[in-house]
Amino acid sequence: MIVRTLAEAAKEGRRIVSPDGNWESTRLLLRNDEMGFSFHITTIYAGADFMLHYQNHLESVYCISGEGEVETLADGKKYPISPGTIYILDKHDKHMLRATKEMTMACVFNPPLHGKEVHNKDGAYELEAESIGG
Ligand code: 9YT
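I will try to describe carefully the structure that is included in this document. What you are looking at is a predicted structure, and each value in this text was computed from that prediction instead of being measured.

### Describing the side chain of S38
For step 1, the next point in the chain: Of note, S38 is situated in strand β3 (residues 38–44).
For step 2, the next point in the chain: On the accessibility criterion, S38 (0% relative accessible area) is buried.
For step 3, the next point in the chain: Engagement of the side chain of S38 in a polar contact is seen with the backbone nitrogen of L113, the distance being 3.0 Å.

Here's what the structure looks like:
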């Protein structure tokens, strides 16, 4: 069994702060744990308004606290996000994410992230990224 805490994980280099200033994420479970998915606690900073398009991954995002909205760009639909809401990007949906109040999210990725990923210019993560912890 593997047991970790958010505080320990942050100290061990699992906390990634996005260079775009929109979010940070502590990646508690990664590819090298060999579970088939990764699990992160992500903070979306208040005022963030940015495009994401996980062309190489599926992601589910559950809101623990805060407030915002997600917009799917293919159809312009906007969905409010508040504590208790999950959105599931089952179609690799290109989307905008907006935080009116800082949001804390639990995020799951398939395939699992290596650990150091930040978004490329298309809002995606590359498949061959640097790993945390070997
Ligand atoms: C909701 C979302 O995708 N935010 C960007 C960060 C991502 N959750 C991650 O890399 O942990």
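### Some remarks on a nonpolar patch on the surface
For step 1, the next point in the chain: Taken together, Y62, I64, I86 and I88 make up a surface patch of nonpolar side chains, about 370 Å² in accessible area.
For step 2, the next point in the chain: The set of elements that each furnish at least two residues to the nonpolar patch consists of β5 (58–72) and β7 (86–89).
For step 3, the next point in the chain: Counting through the fold element by element, I86 comes out in strand β7.
For step 4, the next point in the chain: The exposure class assigned to I86 is partly exposed, which follows from its relative accessible area of 46%.

### Digging into the pattern of salt bridges
For step 1, the next point in the chain: Scanning the entire structure with this criterion turns up ten salt bridges.
For step 2, the next point in the chain: Measuring nitrogen to oxygen at the nearest pair gives 3.0 Å for the salt bridge that ties K91 to D90.
For step 3, the next point in the chain: The exposure class of K91 is exposed, given its relative accessible area of 60%.
For step 4, the next point in the chain: For K121, the salt bridge goes to D122, with nearest N and O atoms at 3.5 Å.

### Side note on empty space enclosed by the protein
Rolled over the atoms, a probe sized like a water molecule indicates the empty space that remains.
For step 1, the next point in the chain: Overall, the coordinates contain one cavity of 30 Å³ or more when judged by the stated rule.
For step 2, the next point in the chain: There is about 150 Å³ of room inside the largest cavity.
For step 3, the next point in the chain: Every residue lining the largest cavity is counted, 19 residues in all, and those nearest its centre are T42, I44, Y54, E59 and C107.
For step 4, the next point in the chain: Looking at the lining of the largest cavity, the elements that each hand over two or more residues are β2 (23–29), β3, β4 (49–52), β5 and β8 (95–110).
For step 5, the next point in the chain: Looking at the lining of the largest cavity residue by residue, the classes come out as twelve nonpolar, five polar and two charged.

### Observations regarding unusual backbone geometry
For step 1, the next point in the chain: In this model, N110 is joined to P111 through a cis peptide bond whose omega is -5°.
For step 2, the next point in the chain: Along the chain, the position of P111 falls in the segment after β8.
For step 3, the next point in the chain: Of note, E34 is a non-glycine position whose phi angle comes to about 60°, a positive value.
For step 4, the next point in the chain: Locating E34 in the fold gives a position in the loop between β2 and β3.
For step 5, the next point in the chain: E34 sits in the exposed class, given a relative accessible area of 72%.

### Topic: the packing of aromatic side chains
For step 1, the next point in the chain: Taken as a whole, this structure holds three aromatic pairs when the rule is applied.
For step 2, the next point in the chain: With centroids separated by 5.0 Å and ring planes inclined at 85°, the aromatic side chains of Y54 and F109 adopt a geometry described as edge-to-face. Taken as a pair, Y54 in the loop between β4 and β5 and F109 in strand β8 lie far apart in primary sequence, 55 residues in all. Note on accessibility: Y54 and F109 belong to one class, buried.
For step 3, the next point in the chain: Between F109 and Y125 the ring centres are 5.7 Å apart and the planes differ by 40°, which places this aromatic pair in the tilted class. Taken as a pair, F109 in strand β8 and Y125 in the segment after β8 lie far apart in primary sequence, 16 residues in all. Residue F109 shares its accessibility class with Y125, and that shared class is buried.

What counts and what doesn't
- Residues numbered from 1 in each chain as written.
- Predicted model: local features only at pLDDT ≥ 70, side-chain atom pairs only at ≥ 80, totals over all residues.
- Heavy atoms only, no water.
- Helix = DSSP H or I, 4+ residues; strand = E, 2+ residues; numbered from the N terminus.
- Buried < 20%, exposed > 50% of the residue type's maximum accessible area, 1.4 Å probe, protein only.
- Polar contact = N/O pair within 3.5 Å; in protein donor to acceptor, adjacent residues only side chain to side chain.
- Patch = residues over 30% accessible without salt bridge, like charges linked within 9 Å, V, L, I, M, F, W, Y side chains within 5 Å.
- Areas by Shrake-Rupley, 256 points an atom, 1.4 Å probe, with all protein chains shown as cover.
- Salt bridge = Lys/Arg side-chain N within 4 Å of Asp/Glu carboxyl O.
- 1 Å grid on protein atoms, 1.4 Å probe; cavity = no way out; pocket = protein on both sides within 12 Å on 5 of 7 lines; lining within 4 Å.
- Points joined across faces, edges and corners; volume = space filled by probe spheres on them.
- Nonpolar A, V, L, I, M, F, W, Y, C, P; charged D, E, K, R; others polar.
- Phe/Tyr/Trp six-rings, centres within 6.5 Å; stacked < 30°, edge-to-face > 60°.

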